[in-house]
Amino acid sequence: MSTSSSLPPSDLPSSESAPVTRDDARQAMAALRAEIARHDELYYQRHAPVISDYDYDQLVKRLQALEAAFPDLATLDSPTQRIGGRPSEGFKPVAHRIRMMSLDNVYSPDELREWEARCRRIYDGAFDYVAELKIDGLSLSLRYADGLLTEAVTRGDGTTGDLVTENARTIRQIPLRLTNPPAADIEARGEVYLPLSAFQRLNAALEAEGEKPFVNPRNAAAGTMKLLDPRIVASRRLGMFCYELFANGAKPFETHWETLEWLRQAGFPVNPHARRCATLDEVLAYCAEMESQRAARDYDTDGVVVKVNQVRAQEELGVTAKAPRWAVAYKFAPMQATTRLRGVTWQVGRLGALTPVAELEPVFLAGTTVTRASLHNEDQIQRLDARLGDRVIVEKSGDIIPQVVGVVAAERTGAEMPIVVPELCPGCPDRQVRLVRPAGEVAWRCPETRCPTKLCQSLQHFAARTAMDIEGLGEAAVEKLVREGLVADCADLYALTTEQVAALERLGDKSAQNLMAQIERSKTAGLERLLFALGIPDVGRRKAQLLAQRFGSLAALAAASEEDLVAIRDIGPLTARRIREWLADDRNQQTLARLEAAGVVTRLEKTGPAAAARLAGKQFVLTGTLPTLTRDEATARIEAAGGRVTSAVSKKTDYVVIGDSPGSKLAKAKALGVALLDEAGLLALLAEGDRAAPTA
Ligand SMILES: [Zn+2]
């Protein structure tokens, strides 16, 4: 503590040249916290760390040393205060106090009898069974402290899961408070599922918005529980059935049946079909009954869980490495039907990928008549060895599109014909366009940029109600425009003349004028719709909205780097690269330039020029979780008012907006004397701007 050779403020202190004055320490600590936060972000959000764990630990150690030397400068939000060192802004991993095990499966009554025989060999006391439906969802653990729901944790790997309490709270069946808990520490476990009706509504909505639908209700439920916005989770109407209980870490009742009874009385959702069975024959009868009623239920079940009822017997039977011996899953056969494969249609998508669709003799399966089923891709056809005329097995497992999963080879007559991938694009009838299958991809693609089918598909997408909303530009009109060579990309739509349109086959003056008016009107559809309409790979409606809010204009988006894109929540590295590649393409750039020249609105215009001036030039940094606004919403509102949101606090920062558990940005802001705002303060500032803004 003798010399005071101060460091430049931006430099990080090394252990050799520790700063000695208070001011030096303050600055060094702020810089270290900022540096650690930056590495945390690279590590957790971008999955692209730039330093080794060792170097990271050294940074933390230096900060710890400084905090030890100047304890009054230590802050509660310091990265050194967090368990494990590295905080995550995603879901916090939480260790299960009692492992969440999986179950062994059996596939036939015989296998179930073998399971019983094994149980009887190990345990010679008396026991009976409880049989329950096996819900095809995801397991969740609910923890209550003194009757209050405090934590909800996903199964994860069985040892550690993700903390998803906020999302679990949105499931209305889950009690948030227990009136008469038998212990201070209660853990209830069960299965979260998405009702089939809700699944179909969700997928229809996703498809209408140009998003990828979920493959099945289980994936939809799992994907929903991992959403960062509980309000979206709430809108999806998840359900839950509970089936396990621990009080202070132990099973509180002598039988599983009593446990279910208690859960039900305590207000937990318990599946009404659970049944106590005295013998294995009763269990088998239950399995057959449940399987036969399977298609009538509004949730997916994939079997029956059979449990030894007596806890004492359960304890004696014990567990294997991965599963309890006292319980087993009896799996239902998938819902299948056999029918004749009449033909295969190769559909060309908007991006040129070919999808083989099986044309079937109509067959009734799980409540609907099936005439088409997916064959996915060429590899799948080869795996199945499917041939035209084959009797095929079609399966439906909650999926909207049934799949061909097998061939009844024994029924072949020899007249079956191989399914041949077309060599030429079926969507390019006038040209001989060879299909390509890029290395590493499963789909054949039409490489022709002028492929009329691709073009028709993308123009229809451009004109869709959820995109630019050009009424009258349906399949037939699009095909005519493309066939006549009037339109080769979406920008050409804005160069059409009424005469050209009126001259199209069977399109009179009146409808030509209507269509022209619709096209003109679509110019003001707005940036969000435009970004979705363009058909940028991976950009559905939601991502289009995020991009519009973040960049505010097509020009700003076009100038964005891959890193800028990845910085947006919900945009991963692969999507960022695809967006970047699309934007970098010459043809696309020309299209964008011509759209702009045609007068298509390419910037966010919600707030108008007067409002945009309100916070013009002001720089904001957000840290922590705000009580009501998501980070994207806060960013959008600041940007709509003319402000800018940056990621790092610097001397140029005007305001730091602080939410719950702020990161090191708070310390940095304090160190630099930047004005601090909470959410209420931010909203007040935005409102104040409203009053102060010129009314013109
Ligand atoms: Zn083609």
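Residues numbered from 1 in each chain as written. Predicted model: local features only at pLDDT ≥ 70, side-chain atom pairs only at ≥ 80, totals over all residues. Heavy atoms only, no water.

**Focus: unusual backbone geometry**
Rules: For helices the rule is a DSSP run of H or I covering at least 4 residues; for strands it is a run of E covering at least 2, with both sets numbered from the N terminus onward.
One non-glycine residue, N248, lies in positive phi territory at about 50°. Relative to the helices and strands, N248 is located in the loop between β8 (239-247) and α8 (256-265). Its identity is not glycine, yet D469 carries a phi of approximately 55°, on the positive side. On the secondary structure map, D469 appears in the loop between α12 (452-463) and α13 (475-483).

**Looking at the confidence of the model for the protein**
Test applied: A residue's pLDDT is the confidence the predictor assigns to it, expressed on a 0 to 100 scale. Only heavy atoms enter the contact rule, under which two residues are in contact if any of them lie within 4.5 Å.
Of all residues in the protein, 89% have pLDDT values of 70 or greater, and the mean over the chain is 85. Low pLDDT, under 50, characterises residues 82-89; the stretch is placed with 16 contacts to residues that sit more than four places away or in other chains. Per-residue pLDDT stays below 50 along residues 690-696; that stretch engages in 4 contacts with residues further than four places along the chain or on separate chains.

**Thoughts on the coordination of the zinc ion**
Basically, it comes down to this: Here the term donor refers to an N, O or S atom within 2.8 Å of the metal (or 3.2 Å for Na, K and Ca), and because water is left out of the atoms, sites may appear incomplete. The geometry test gives tetrahedral to four donors whose angles all lie between 85 and 135 degrees, gives square planar to four donors and octahedral to six donors whose opposite members are over 155 degrees apart with all other angles between 65 and 115, and gives irregular to the rest. For each residue, the accessible area found with a 1.4 Å probe, counting protein chains only, is set against the maximum for its type, and the residue is called buried under 20%, exposed over 50%, and partly exposed in between.
Coordination of the zinc ion by the protein involves C425 (SG), C428 (SG), C446 (SG) and C451 (SG), with metal-donor separations of 2.2 to 2.3 Å. Of note is the zinc ion, whose 4 donor atoms meet at the metal with angles of 96 to 121° in an arrangement that counts as tetrahedral. The sequence pattern formed by the donor residues of the zinc ion is C-x2-C-x17-C-x4-C. Of this pair, C425 sits in the loop between β18 (417-418) and α12 while C451 is found in the loop between β18 and α12, placing the two residues 26 residues apart along the sequence. On the accessibility criterion, C451 (0% relative accessible area) is buried.

**Considerations on the nonpolar core**
Considering soluble globular proteins, one finds that nonpolar side chains tend to be buried as a cluster. Rules: We call a set of buried Ala, Val, Leu, Ile, Met, Phe, Trp, Tyr and Cys residues a nonpolar core when their side-chain atoms join them within 4.5 Å. Where a domain begins and ends is set by an automatic assignment or by a domain database.
Counting residues in hydrophobic clusters, the biggest one holds 53 residues, and the most contacted among them are F462, I470, L493, L531, L534, L547 and L595. Split by domain, this core shows at least three residues from each of two domains, domain 4 (452-522) and domain 5 (527-597). With residues up to four places along the chain from it excluded, the contact list for I470 reads F462, A463, A464, L493, Y494, L515, Q518, I519 and S522. Residues L142, V192, L194 and M225 belong to the second largest nonpolar core, which totals 36 residues.

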